[in-house]
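Structural overview
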Amino acid sequence: MWIKYPLLGALLALLWLGGAPALRVLTHGRLFGFQVTRPPLGGRTEFNVLILGLDQPDKLNPKLGRRTDSMLLAHVDLPTRMVTGFSIPRDTRVRFPEAKRWIKVNAAYSEGGYQASMDIVRAITGVRPDYYVVVDTSSTRNLVDLVGGVDVTVDHKMDYDDNWQDLHIHLDPGEQRLDGAHAIQFLRFRHDRTGDIARMHRQQQFVSALAKQISAPGNLPKLPWIAKELRKQVQTDMEDTDLLFLARELRGVQSSHLMFDTLEGESRTIGGADYFLPYGYKMKQTILKSFPGTLVPDDNTVDIVDGS
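Okay, so let's go over this structure. (Residues numbered from 1 in each chain as written. Predicted model: local features only at pLDDT ≥ 70, side-chain atom pairs only at ≥ 80, totals over all residues. Heavy atoms only, no water.)

So, the overall build of the protein chain
What the protein chain contains, in helices and strands, is 9 helices and 16 strands. Counted over contacts in the protein chain with a minimum sequence separation of 6, partners at least 24 positions apart contribute 63%. Total accessible area computed for the protein chain in this model is approximately 15900 Å², and 55% of it derives from carbon and sulfur atoms. (Helix = DSSP H or I, 4+ residues; strand = E, 2+ residues; numbered from the N terminus. Contact = heavy atoms within 4.5 Å. Areas by Shrake-Rupley, 256 points an atom, 1.4 Å probe, with all protein chains shown as cover.)

Here it is in structure tokens:
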């Protein structure tokens, strides 16, 4: 082929060597029947990913280590196009191994970055994340606008103003398409009767809506630009080809194939601090629902409410 069609061969070689990730995704890393690059996701058809959303920087001390505002552990099954998982409340009381003290799970990131968060999640659930994704929630505005907004259901009127945080939330109830600015309001509102539990449900709804919108037919031509924007806004050990491959493989996925739970439990005040303590038995059920066969640890890394 190189001899018979030299111009075509040269063009393909130029695209390949120039790093055209879209071409590599379409061919699964193969050229003329030979495996010449790493296939997307290392050839995995199933994997676990820990998605961490960062909170806002401290206004008085911007250099202070940031914590995670949300934590979602997900399992992706490409053959069945199913994405399942659960959220871990940010105030969950866990024992941090290195410090040998109890902290809120959202503080693990400030202690040791994404690796500390991955380690503590594995310690309390028994699930080893294959990948991590760290998202700065405040920077998702550009991505939402790039894909044309996200469709969500606002279950009640949201009105909240905080001049100190420069946070102003005004959303009416009902099904609607949110642009980037209003999506940030939707994600940051936390003044519900059930507090962070309701907020986690909104975050899960947003993740599902964003994934669906990214893979919408109208956005397929934009995938290289979407991947570029994702790379700017997120920290992850996935490669650009992995992100493009996922968007391609999960395009048009039904909402019924995106199933997320939240750990159940109750709030407790311990040592003057407010914590979330999961129900031990229900926590194990939730983990096994999304990650069958997992050996859930029986140690005391996470503080639980016994007998539930």
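Notes on helix H9 (residues 280-290)
Gly280, Met283, Thr286, Ile287 and Ser290 are the residues of H9 that are buried. Along the axis of H9, the buried positions cluster into a sector of 125°, meaning they face one direction only. Structural note: H9 exposes Tyr281 and Lys289 on the side pointing more than 90 degrees away from its buried face. (Buried < 20%, exposed > 50% of the residue type's maximum accessible area, 1.4 Å probe, protein only. Arc of directions from axis to C-beta.)

A few points about helix H5 (residues 180-188)
Count 3.6 residues to each turn of an α-helix, and residues three or four apart come out pointing the same way. Across the 9 residues that make up H5, a large majority, 7, are buried. All of the buried residues in H5 are Gly180, Ala183, Ile184, Gln185, Phe186, Leu187 and Arg188.

Notes on the nonpolar core
With 45 residues, the main nonpolar core has Phe47, Val49, Val150, Phe186 and Phe206 as its most contacted residues. Examining the composition of this core, we find that 5 residues originate from one element, helix H8 (residues 240-249), more than from any other. Non-local contacts of phenylalanine 186, meaning those with residues more than four positions away in its chain, are made with Val152, Thr153, Val154, Met158, Leu171, Leu178, Arg202, Gln205 and Phe206. Of all hydrophobic cores here, the second largest spans 29 residues; its members include Leu52, Phe86, Ala108 and Phe291. (Core = buried A, V, L, I, M, F, W, Y, C linked by side-chain atoms within 4.5 Å.)

Looking at the environment of threonine 140
As for its placement among the helices and strands, threonine 140 is situated in the loop between strand S8 (131-136) and helix H4 (141-146). Using a relative accessible area of 7% as the deciding quantity, one classes threonine 140 as buried. If sequence neighbours within four positions are ignored, threonine 140 has contacts with Val135, Ile184, Leu187 and Gln233.

Focus on the packing of aromatic side chains
Any pair of aromatic rings gets described here by the distance separating the centres and the angle formed by the planes. Here the structure, examined in full by the defined rule, presents 3 aromatic pairs. Taking 5.4 Å as the distance between ring centres and 90° as the angle between the ring planes, the aromatic pair formed by phenylalanine 47 and tyrosine 131 counts as edge-to-face. Here tyrosine 131 lies in strand S8 and phenylalanine 47 lies in strand S3 (residues 46-54), a separation of 84 residues in the sequence. Judged by relative accessible area, which is 1%, phenylalanine 47 ranks as buried. What makes tyrosine 131 buried here is its relative accessible area of 4%. Ring centres of tyrosine 114 and tyrosine 132 lie 3.7 Å apart, and the angle between their planes is 15°; on these two criteria the pair is classed as stacked. Remark: tyrosine 132 occurs in strand S8 and tyrosine 114 occurs in helix H3 (residues 108-125); sequence separation between them is 18 residues. Here the basic side chain of arginine 93 rests over the ring of tyrosine 275, its NZ or CZ set 5.2 Å away from the ring centre. (Phe/Tyr/Trp six-rings, centres within 6.5 Å; stacked < 30°, edge-to-face > 60°. Lys NZ or Arg CZ within 6 Å of the ring centre and 35° of its normal.)

Looking at the pattern of salt bridges
Considering all chains together, one arrives at 13 salt bridges under this definition. Aspartate 69 is the salt-bridge partner of arginine 90, the closest N and O atoms lying 2.4 Å from each other. Of this pair, arginine 90 sits in the loop between strand S5 (82-87) and strand S6 (93-96) while aspartate 69 sits in strand S4 (residues 68-77), placing them 21 residues apart in sequence. Here arginine 90 and aspartate 69 have matching classes, each one buried. A salt bridge links arginine 177 to aspartate 151; its shortest N-O distance comes to 2.8 Å. Residue arginine 177 is located in strand S12 (residues 174-178), and its partner aspartate 151 is located in strand S9 (residues 150-154); the two are separated by 26 residues in the primary sequence. (Salt bridge = Lys/Arg side-chain N within 4 Å of Asp/Glu carboxyl O.)

Re the sheet that holds strand S14 (residues 258-262)
Strand order in the open sheet made by the 6 strands is S13-S8-S3-S4-S5-S14, with mixed pairing throughout. Strand pairing shows two members of the sheet lacking a second neighbour, strand S13 (234-236) and S14, which therefore form its edges. In this sheet, adjacent strand axes meet at a mean angle of 20° when their direction is disregarded. Across the sheet, H9 touches S4, S5 and S14, and the angle it forms with S5 is around 160°. (Pairing = 2+ DSSP bridges. Axes fitted to C-alpha atoms, helices over the stretch in contact; angles between N-to-C directions.)

Notes on the environment of glutamine 176
With respect to the secondary-structure elements, glutamine 176 resides in strand S12. Along the sequence, glutamine 176 and threonine 153 sit 23 residues apart, while their C-alpha atoms lie 6.3 Å from each other. When residues no more than four places from it in sequence are discounted, the contact partners of glutamine 176 are Val150, Asp151, Val152 and Val154. Within the structure, the side chain of glutamine 176 is placed 3.1 Å from the backbone oxygen of glycine 174, a separation counted as a polar contact. (Polar contact = N/O pair within 3.5 Å; in protein donor to acceptor, adjacent residues only side chain to side chain.)

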